[in-house]
Amino acid sequence: MSALATEHKAVNLGQGFPDFPMSSALTELVNDAMRNDFNQYSPMPGWMPLREAIAEKVEFLYNNTINPDTEITITPGGTYAIYTALTTVLQPGDEVIVFEPGYDSYIPNIVVNGAIPVRINLQFPEYKINWNEVRQKITSRTRMIMLNSPHNPTGAVLRAEDLQQLRSIVEGTNIIIVSDEVYEHIIFDDVKHQSILRYPDLAQRSFVCFSFGKVYHCTGWKLGYCIAPADFTKEFRKVHQFNCFSCHTPSQVALATFLRDRDSYLTLGSFLQKKRDYFLQLMKGTRFTMLDSKGSYFICAQYNRISDESDKEFAIRITKEFGVAVIPVSAFYQEGTDNKVVRFCFCKKDETLALAAERLSRI
Ligand SMILES: Cc1ncc(COP(=O)(O)O)c(C=O)c1O
């Protein structure tokens, strides 16, 4: 959709990235790190002061003491952390419970390891997990459950009740959890992010994956990390050692300083909540029916008052004819389930959102 957006000079509310600059203080810190010659390989698990800053942050946010030496690994992005966690654990024939719609790397990552995705649809239109269905789909071969909250593409978030259900399901099993929490700070309406790290019994069976790109408006940096118990981390690093091995050093040096400023991540939720609300206000002038977004920088909408085309046809047509690129949500289902919903990314300048809404009001 981004290529189509460029071709048709469309406003791109498709792909998930900001169109405004990242913090100049952070770019200055990277420049300083380069000038001070932090330009060689960093240690395989990551730059220690950064791992220490992450451990402090996790203690502060989730009241969990993580050992930066043995339980945190810096990775080139969240997607890589997820891939590495899956490759660390999965054996051919293992079953992995995965929810749809979902971030597009999950199922290919399961399949490439010879494991079997056991797909469960989130309940439309709230995109909630049906925990009874999860119970029914657990077998003796279930090795893993993959979670993502706040959720791409829907903006749904897991609640404390969901985590209680999860706890009761996995108790007494050897099921491992991979929790994708790249949008941990992008959560709205005073809802608390239910990190797996808040629950020691769940954390001890989990790989929890994060992304600096999503927190600091620098998706192109591809820097993230994985938090997992020491025995899991030891195995995770065996995969990482002979794959990426070492991540970009100057960015890690810069983030080790920047992360200690708590406002740098604590203000993100309210910043994006304002953008969500601004976009919702603008979209009142269109015929789209907006769904709820409680987190992430995505919001979905039904277009049944406009057209009965498939979501893919609709997304392509509005990009070409009206100059706004969106993502058809069927793209996030293996079998293309089409609820006639498209996804907008609202992590954009206000003028970009206003221009998009003005064009969408003509449909
Ligand atoms: C749910 C989810 N996980 C992971 C990622 C990727 O993170 P990174 O760019 O750090 O690999 C994204 C990016 O869109 C995402 O939406």
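Our subject is the structure that appears above.
What you see is a predicted model, and the numbers here were worked out from it, not measured in a lab.

Each value, and the rule that gives it
- Residues numbered from 1 in each chain as written.
- Predicted model: local features only at pLDDT ≥ 70, side-chain atom pairs only at ≥ 80, totals over all residues.
- Heavy atoms only, no water.
- Phe/Tyr/Trp six-rings, centres within 6.5 Å; stacked < 30°, edge-to-face > 60°.
- Helix = DSSP H or I, 4+ residues; strand = E, 2+ residues; numbered from the N terminus.
- Buried < 20%, exposed > 50% of the residue type's maximum accessible area, 1.4 Å probe, protein only.
- Lys NZ or Arg CZ within 6 Å of the ring centre and 35° of its normal.
- Axes fitted to C-alpha atoms, helices over the stretch in contact; angles between N-to-C directions.
- Left-handed = near helix turned anticlockwise from the far one by under 90°.
- Contact = heavy atoms within 4.5 Å.
- Nonpolar A, V, L, I, M, F, W, Y, C, P; charged D, E, K, R; others polar.
- Pairing = 2+ DSSP bridges.
- 1 Å grid on protein atoms, 1.4 Å probe; cavity = no way out; pocket = protein on both sides within 12 Å on 5 of 7 lines; lining within 4 Å.
- Points joined across faces, edges and corners; volume = space filled by probe spheres on them.
- Near = heavy atom within 4 Å.
- Polar contact = N/O pair within 3.5 Å; in protein donor to acceptor, adjacent residues only side chain to side chain.
- Areas by Shrake-Rupley, 256 points an atom, 1.4 Å probe, with all protein chains shown as cover.
- Core = buried A, V, L, I, M, F, W, Y, C linked by side-chain atoms within 4.5 Å.
- Salt bridge = Lys/Arg side-chain N within 4 Å of Asp/Glu carboxyl O.

(A) A look at the packing of aromatic side chains. If you walk through the whole model with that rule in mind, you get 20 aromatic pairs. Their ring planes at 20 degrees and their centres at 4.8 Å tell us that Phe210 and Tyr225 sit as a pair that is stacked. Within this pair, whereas Phe210 is found in strand 7 (residues 206-211), its partner Tyr225 is found in strand 8 (residues 224-227), the two being separated by 15 residues in sequence. When its relative accessible area of 2% is taken as the criterion, Phe210 is described as buried. On the basis of relative accessible area, Tyr225 is assigned to the buried category, the value being 2%. These aromatic residues form a ring-pair network of at least three members: Phe210, Phe212, Tyr216, Tyr225 and Phe258. The lysine or arginine in question, Lys57, covers the ring of Tyr265, its NZ or CZ lying 4.6 Å from the ring centre. Seen from the ring of Phe60, Arg262 lies directly overhead, with NZ or CZ sitting 3.6 Å from the centre.

(B) How the structure looks around the packing of helix 3 (residues 48-62) against helix 11 (residues 249-258). Closest axis-to-axis distance for the helix 3/helix 11 pair is 8 Å, and the angle between their directions is 35 degrees. The two elements helix 3 and helix 11 cross, and the hand of that crossing is left-handed. Touching Pro49, Leu50 and Ala53 of helix 3 are Gln252, Leu255 and Ala256, all from helix 11. Of the residues belonging to the contact of helix 3 with helix 11, the class tally is five nonpolar, one polar and no charged.

(C) Highlighting the sheet that holds strand 2 (residues 72-75). With mixed pairing, the seven strands of this open sheet are ordered in space as 2-8-7-6-5-3-4. Only two strands of the sheet have a single partner each, and these edge strands are strand 2 and strand 4 (116-121). Across the sheet, the axes of successive neighbouring strands diverge by a mean angle of 20 degrees, strand direction being ignored. Bridge count between strand 2 and strand 8: four bridges; the pairing is antiparallel. Bridge pairing in strand 8 links Thr75 to Gly224. Contacting strand 2, strand 6 (176-180), strand 7 and strand 8, helix 10 (residues 230-241) runs over the sheet at an angle of about 25 degrees to strand 2.

(D) Highlighting empty space enclosed by the protein. What the rule picks out here adds up to one cavity of 30 Å³ or more. Taken as a whole, the largest cavity spans an internal volume of roughly 40 Å³. What lines the largest cavity is Leu147, Asn148, Ser149, Leu158, Leu163, Ser179, Glu181, Gln194 and Ile196.

(E) Focus on the site of the ligand. Thr79, Asp180, Tyr183, Ser211 and Lys222 are the nearest of the 13 residues found near the ligand. At 2.6 Å, a side-chain N or O of Thr79 approaches an oxygen atom of the ligand. Contacts to the ligand include Ser211, whose side-chain N or O atom sits 2.7 Å from an oxygen atom. For the ligand, whose free accessible area comes to 400 Å², the fraction covered by protein is 92%. For the shell around the ligand, the class distribution of residues is four nonpolar, six polar and three charged.

(F) Up close: the nonpolar core. Of all hydrophobic cores here, the largest spans 91 residues; its most connected members are Ile54, Leu147, Leu166, Tyr216, Phe288 and Phe344. No other element matches helix 3, which puts six residues into this core. Other than its neighbours up to four places away in sequence, Leu147 contacts Phe99, Tyr106, Ile129, Trp131, Leu158, Leu166, Ile177, Val178, Ser179, Asp180 and Ile196. With 22 residues, the next largest nonpolar core counts Leu86, Tyr106, Met146 and Val178 among its residues.

(G) The pattern of salt bridges, seen in detail. In this structure the tally under the stated criterion is 18 salt bridges. For Asp350, the salt bridge is made with Lys275, and the minimal N-O distance between the two is 2.8 Å. Here the residue Asp350 occupies a position in helix 15 (residues 350-360), and Lys275 occupies one in helix 13 (residues 268-283), the gap between them amounting to 75 residues. When its relative accessible area of 35% is taken as the criterion, Asp350 is described as partly exposed. For Lys275, a relative accessible area of 8% corresponds to the buried category. Three or more residues joined by partner-sharing salt bridges are found here, namely Asp189, Arg276, Asp277 and Lys294.

(H) Spotlight on the sheet that holds strand 13 (residues 341-345). Strand order across the open sheet formed by four strands is 9-10-13-12, with antiparallel pairing between neighbours. The sheet terminates laterally at strand 9 (289-290) and strand 12 (327-328), the two strands that pair on one side only. One ladder, built from two bridges, connects strand 12 with strand 13; its direction is antiparallel. Across the sheet, residue Pro328 finds its bridge partner in strand 13, namely Val342.

(I) Molecular detail of unusual backbone geometry. Here Glu100 and Pro101 are connected by a cis peptide whose omega angle stands at 5 degrees. Locating Pro101 in the fold gives a position in the loop between strand 3 (95-100) and helix 5 (106-112). With omega at -20 degrees, the peptide bond leading from Ser149 into Pro150 counts as cis. Relative to the elements of secondary structure, Pro150 occurs in the loop between strand 5 (142-148) and helix 7 (160-170).

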